[in-house]
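The lines below spell out each chain.
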Amino acid sequence: DTEVTQTPKHLVMGMTNKKSLKCEQHMGHRAMYWYKQKAKKPPELMFVYSYEKLSINESVPSRFSPECPNSSLLNLHLHALQPEDSALYLCASSQDQGRGETQYFGPGTRLLVL
Amino acid sequence: KQEVTQIPAALSVPEGENLVLNCSFTDSAIYNLQWFRQDPGKGLTSLLLIQSSQREQTSGRLNASLDKSSGRSTLYIAASQPGDSATYLCAVRRVGSDSWGKLQFGAGTQVVVTP
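Residues numbered from 1 in each chain as written. Chains lettered and ligands numbered in written order. Predicted model: local features only at pLDDT ≥ 70, side-chain atom pairs only at ≥ 80, totals over all residues. Heavy atoms only, no water.

Visitor: Account for the interface of chain B and chain A, with residues named and values stated.
Guide: Across the contact, 23 residues belong to chain B and 22 residues belong to chain A. For the pair chain B and chain A, the summed buried surface comes to about 1,800 Å²; carbon and sulfur atoms form 52% of the total. Taken together, the links from chain B to chain A amount to zero salt bridges. On the surface where chain B and chain A come into contact, there are three residue pairs in polar contact (both at pLDDT 80 or more). The set of elements that each furnish at least two residues to the side of chain B that touches chain A consists of strand E4 (30–38), strand E5 (44–51), strand E9 (86–94) and strand E10 (103–105) of chain B. Among the elements that make up the side of chain B that touches chain A, the one with the highest residue count is E4 of chain B (five residues). Each residue belonging to the side of chain B that touches chain A can be placed in one class, and the counts come to nine nonpolar, 10 polar and four charged. (Contact = heavy atoms within 4.5 Å. Buried area = accessible area lost by both parts, 1.4 Å probe. Salt bridge = Lys/Arg side-chain N within 4 Å of Asp/Glu carboxyl O. Polar contact = N/O pair within 3.5 Å; in protein donor to acceptor, adjacent residues only side chain to side chain. Helix = DSSP H or I, 4+ residues; strand = E, 2+ residues; numbered from the N terminus. Nonpolar A, V, L, I, M, F, W, Y, C, P; charged D, E, K, R; others polar.)

In structure tokens:
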């Protein structure tokens, strides 16, 4: 099973709302990633978790708050977002954060901030 | 700073023709290069991963080559089908303690295969 699942598939939220994106994998991977992808642009890395610890934060604004409650789950908590945060949010996982690992991506959550 | 470029940005071919997609990168200090496929509004599907020590990888109709010294990779798709229509992205994994796990993506090549 090489599947990464993400919920919800679509999310519409106002700028004052608090919402969360969820990502799950059952491949025993110990590295998990959040990417942001704007239309017709490549994905941009936001966060990397390795063995449930935050390993990389690509200077993401604090209105995005990641959480890794266990080795299979990755959350992205959203608060006070801006319309320019509207994008496809992709989760990925790999065996670990090592050099030669394939990253497996989920289908993404399409976020619209009004 | 690593720059990853994919040319052309868009490509349209008739069914049955072979597809040739190019990816170039400016810094040859990479661990590996990965090719992905992305359908509109969907996530990325990993197609092939080439380690820096390898010259090519093959999977079915797909063949990817890597020339690290010249900073180039090519993805060949033989006998294209309408179902191959998608955006194809390449991504490199840079060497460096600050880039563990980080993929640097190209902007992608949008492919349309016409019946």
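Visitor: Could you give me a rundown of the packing of aromatic side chains, with the residues and numbers involved?
Guide: Tallying each qualifying case throughout the model produces seven aromatic pairs over all chains. Between Tyr35 of chain A and Phe105 of chain B, the ring centres sit 6.0 Å apart and the planes meet at 90 degrees, which makes this aromatic pair edge-to-face. One end of the pair, Tyr35 of chain A, is in strand E4 (residues 31–37); the other, Phe105 of chain B, is in strand E10, on a second chain. Here Tyr35 of chain A matches Phe105 of chain B in class, with each residue buried. (Phe/Tyr/Trp six-rings, centres within 6.5 Å; stacked < 30°, edge-to-face > 60°. Buried < 20%, exposed > 50% of the residue type's maximum accessible area, 1.4 Å probe, protein only.)

Visitor: So what about the state of the cysteines? Which residues, and what values?
Guide: Structurally, a disulfide amounts to a covalent bond that connects the sulfur atoms of two cysteines. The final tally for this structure, using the stated rule, is two disulfides over all chains. Shown here is the disulfide that connects Cys23 of chain A with Cys91 of chain A, its sulfur atoms set 1.9 Å apart. Since a negative S-S torsion denotes a left-handed disulfide, the Cys23 of chain A-Cys91 of chain A link at about -70 degrees is left-handed. In this pair, Cys23 of chain A sits in strand E3 (residues 18–25) while Cys91 of chain A sits in strand E9 (residues 87–94), placing the two residues 68 residues apart along the sequence. For the pair Cys23 of chain A and Cys91 of chain A, one class covers both residues: buried. With a sulfur-sulfur separation of 2.0 Å, Cys23 of chain B is cross-linked through a disulfide to Cys90 of chain B. Here Cys23 of chain B and Cys90 of chain B share a disulfide; its torsion about the S-S bond, 75 degrees, makes the bridge right-handed. With Cys23 of chain B in strand E3 (residues 19–25) and Cys90 of chain B in strand E9, this pair connects stretches of sequence that are 67 residues apart. Cys90 of chain B carries the same exposure label as Cys23 of chain B, and that label is buried. (Disulfide = S-S within 2.5 Å.)

Visitor: Tell me about the pattern of salt bridges, and name the residues and values.
Guide: Residues and elements named next belong to chain A. The final tally for this structure, using the stated rule, is five salt bridges over all chains. Of the charged contacts in the structure, one is a salt bridge between Arg63 and Asp85, with a shortest N-O distance of 2.8 Å. With a gap of 22 residues between them, Arg63 in the loop between strand E6 (53–57) and strand E7 (64–70) and Asp85 in the loop between strand E8 (73–79) and E9 connect regions that are remote in the sequence. Among the ionic contacts, a cluster of salt bridges with common partners joins Lys36, Arg63 and Asp85.

Visitor: Talk me through the sheet that holds strand E1 (residues 4–7) of chain B; I want residue IDs and the actual numbers.
Guide: Residue and element names in this part refer to chain B. Strand order in the open sheet made by the five strands is E1-E3-E8-E7-E6, with antiparallel pairing throughout. The open sheet has two edge strands with one neighbour each: E1 and strand E6 (56–59). Averaged over all pairs of adjacent strands, the angle between their axes in this sheet comes to 15 degrees, without regard to strand direction. In terms of strand pairing, strand E7 (residues 62–67) meets strand E8 (residues 72–77) through six bridges, oriented antiparallel. Along E8, the bridge assignment pairs Ala64 with Leu75. (Pairing = 2+ DSSP bridges. Axes fitted to C-alpha atoms, helices over the stretch in contact; angles between N-to-C directions.)

Visitor: Mind laying out the sheet that holds E3 of chain A, listing which residues take part and the relevant values?
Guide: Residue and element names in this part refer to chain A. Reading across the sheet, the four strands line up as E1-E3-E8-E7 and stay open at both edges, with antiparallel pairing between neighbours. The sheet is open, and its two edges are formed by strand E1 (4–7) and E7, each paired on a single side. Sheet twist, expressed as the mean angle between neighbouring strand axes with direction ignored, is 20 degrees. Pairing of E1 with E3, which is carried by four bridges, proceeds in the antiparallel orientation. Within E3, the residue paired with Thr7 across the bridge is Lys22.

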